[in-house]
Amino acid sequence: MKQLKVISLLFAALVFAACEKFVAEDDWNTQGSTVVSGNLIVKAGFPQTKGGESQTLAERFVRIGMAVYQDGKRVDYVNQDNEDNNFGTMSLDLPPGSYKLLVVAHSCSKSASTNNFNKVSFTSPLSDVFAYETDISITTEAKTIDATLTRATARVDLVISDEIPVNAASIMFNFKGGATTLNAETMEGVSSSTHKVVEMEITDREQKTYSFYTFACPDGQKLKVEASAYDANGQLLGAKVFNDVTVERNRVTSITSPLFSGPIEGPSDISITVDDSWGETITYPI
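The shown structure was predicted, so the numbers you read here are calculated from the model rather than taken from an experiment.

As a further point, take the overall build of the protein chain. A count of helical and extended segments in the protein chain gives three helices and 20 strands. By residue count, 44% of the 286 residues in the protein chain fall in the buried class. Taking contacts inside the protein chain between residues at least 6 apart in sequence as the whole, the part at least 24 apart equals 71%. Accessible surface, the protein chain as shown: approximately 15,400 Å² in total, 48% of it carbon and sulfur.

This is the structure we're talking about:
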């Protein structure tokens, strides 16, 4: 199974690197401004319920960040994680002027890359993402913005209708047509032709619903979803392909289907070979 994971992740990384704009690694990790009491204070909030239960911002999300833009360029930004004091309250000290403000909250493995307002990138697998954007005017007097976050993602649920075998260890989603990069102006995904690979462990055979998140792309672009299940040794146990899957922002698309019974459909065969032989030697003339 480890070999399967390595190959899948390697393929995903190669395709991603070929088709997506490269984002500098330090842009994922840096904290940004550390101003405590600037002339812009943003307090993030969201409807604090999940499944009917009340949650705090820190319980709901692992990371939050805000960025401000002027004339299409990012001026300053702040990233926080939910172990920071005053998680969700962020401040910047800005020269007077007109700006565009963006706030994103999520639980991805790293902070979002907000360098480009129209291409806000998140690490894969994508978590549920909430966002807020608005135009603001800054003066020398302190301004407080109460940012009510709303969901930016769509979710796809696979509800497995047949029995999950005892030896099933993981489920993998390989899908095309969604995005992990957000256009904050439209709250839609930046269209991408790359495949996204999401793998989940099976720990409870009674758990029949498995989900992944994506940003819905423009023009009603639909997904092709390949779901496949494996045992601990990487042996394929079952696979199904779902074409023309509709996804929309803030909506769940539910697919109910057997996964282990019936014919195996897919997954896409991915073969990676490496030819490490050298070409003909070039002899330096003396």
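After that view, the rundown keeps rolling.
What follows deals with the sheet that holds strand E16 (residues 195-201). Working definition: the strands of a sheet are paired by backbone hydrogen bonds and lie parallel or antiparallel to each other. Taking strand neighbours across the sheet as the criterion, the four strands line up as E16-E13-E18-E19 in an open arrangement whose pairing is antiparallel. At either margin of the open sheet sits one strand with a lone partner, and together these are E16 and strand E19 (236-245). This sheet shows a mean twist of 15° between the axes of neighbouring strands, independent of strand direction. Of the pairings in the sheet, the one linking strand E18 (residues 223-231) to E19 comprises seven bridges and is antiparallel in character. Looking at E19, one finds that valine 225 is bridged to phenylalanine 242.

Here we take up the nonpolar core. In terms of nonpolar packing, the biggest core is built from 26 residues, with Ile160, Ile171, Phe173, Phe212, Leu223, Val225 and Phe260 touching the most fellow members. Listed by contribution, the elements that provide at least two residues to this core are strand E12 (154-160), strand E13 (168-176), E16, strand E17 (209-214), E18 and E19. With residues near it in sequence (within four places) discarded, phenylalanine 212 still touches Ala154, Arg155, Val156, Phe173, Phe175, Val198, Met200, Leu223 and Val225.

Before going further, it helps to spend a moment on the pattern of salt bridges. Here the structure, examined in full by the defined rule, presents seven salt bridges. Lysine 224 serves as the salt-bridge partner of glutamate 226, at 4.0 Å between the closest nitrogen and oxygen. With a relative accessible area of 4%, glutamate 226 lands in the buried category. Ionic pairing is found between glutamate 248 and arginine 251, a salt bridge with its closest N-O pair at 3.0 Å. On the basis of relative accessibility, which here comes to 36%, the residue glutamate 248 falls in the partly exposed class. In this structure, a network of salt bridges that share partners links the residues Arg60, Asp128 and Arg151.

Of the consecutive residues serine 124 and proline 125, the connecting peptide bond is found in the cis state with omega at 5°. Secondary-structure assignment places proline 125 in the loop between strand E8 (120-121) and strand E9 (130-138). Of note in this structure, asparagine 86 is not a glycine but carries a positive phi near 55°. Relative to the helices and strands, asparagine 86 is located in the loop between strand E5 (73-81) and strand E6 (89-92). Given a relative accessible area of 60%, asparagine 86 falls into the exposed group. For methionine 187, which is not a glycine, the phi torsion comes out positive at approximately 55°. Along the chain, methionine 187 turns up in the loop between strand E14 (181-183) and strand E15 (188-189).

What follows is about empty space enclosed by the protein. In total, this model carries one cavity of 30 Å³ or more according to the counting rule given. Taken as a whole, the largest cavity holds about 40 Å³ of empty space. Taken together, Ile64, Gly65, Met66, Val78, Asn79, Val104, His106, Ala112 and Thr114 make up the lining of the largest cavity. Residue assignment for the lining of the largest cavity shows that the elements contributing at least two residues are strand E4 (63-70), E5 and strand E7 (97-106). Ranked by the residues each element gives to the lining of the largest cavity, the list is headed by E4, at three residues. Of the residues assigned to the lining of the largest cavity, the class counts are five nonpolar, four polar and no charged.

Here we take up the sheet that holds strand E1 (residues 40-45). Taken in spatial order, the three strands line up as E6-E1-E10 in an open sheet, and their pairing is mixed. Because the sheet does not close on itself, it has two edges, and the strands there are E6 and strand E10 (143-148). Adjacent strand axes in the sheet meet at a mean angle of 20°, parallel and antiparallel pairs treated alike. The pairing of E1 with E6 spans four bridges and is classified as antiparallel. When the sheet's bridge partners are listed, valine 42 is paired in E6 with methionine 90.

Here we take up the pairing of E7. The two faces of the sheet receive side chains in turn, since in a regular strand these alternate between them. Burial analysis of E7 places seven of its 10 residues in the buried class, the great majority of the element. Here seven bridges tie E4 to E7, and the two strands are oriented antiparallel to one another. Looking at E7, one finds that isoleucine 64 is bridged to alanine 105. With nine bridges connecting them, E7 and E9 associate as antiparallel partners. By the bridge assignment for E9, tyrosine 99 is matched with isoleucine 136.

Analysis parameters
- Residues numbered from 1 in each chain as written.
- Predicted model: local features only at pLDDT ≥ 70, side-chain atom pairs only at ≥ 80, totals over all residues.
- Heavy atoms only, no water.
- Helix = DSSP H or I, 4+ residues; strand = E, 2+ residues; numbered from the N terminus.
- Buried < 20%, exposed > 50% of the residue type's maximum accessible area, 1.4 Å probe, protein only.
- Contact = heavy atoms within 4.5 Å.
- Areas by Shrake-Rupley, 256 points an atom, 1.4 Å probe, with all protein chains shown as cover.
- Pairing = 2+ DSSP bridges.
- Axes fitted to C-alpha atoms, helices over the stretch in contact; angles between N-to-C directions.
- Core = buried A, V, L, I, M, F, W, Y, C linked by side-chain atoms within 4.5 Å.
- Salt bridge = Lys/Arg side-chain N within 4 Å of Asp/Glu carboxyl O.
- 1 Å grid on protein atoms, 1.4 Å probe; cavity = no way out; pocket = protein on both sides within 12 Å on 5 of 7 lines; lining within 4 Å.
- Points joined across faces, edges and corners; volume = space filled by probe spheres on them.
- Nonpolar A, V, L, I, M, F, W, Y, C, P; charged D, E, K, R; others polar.

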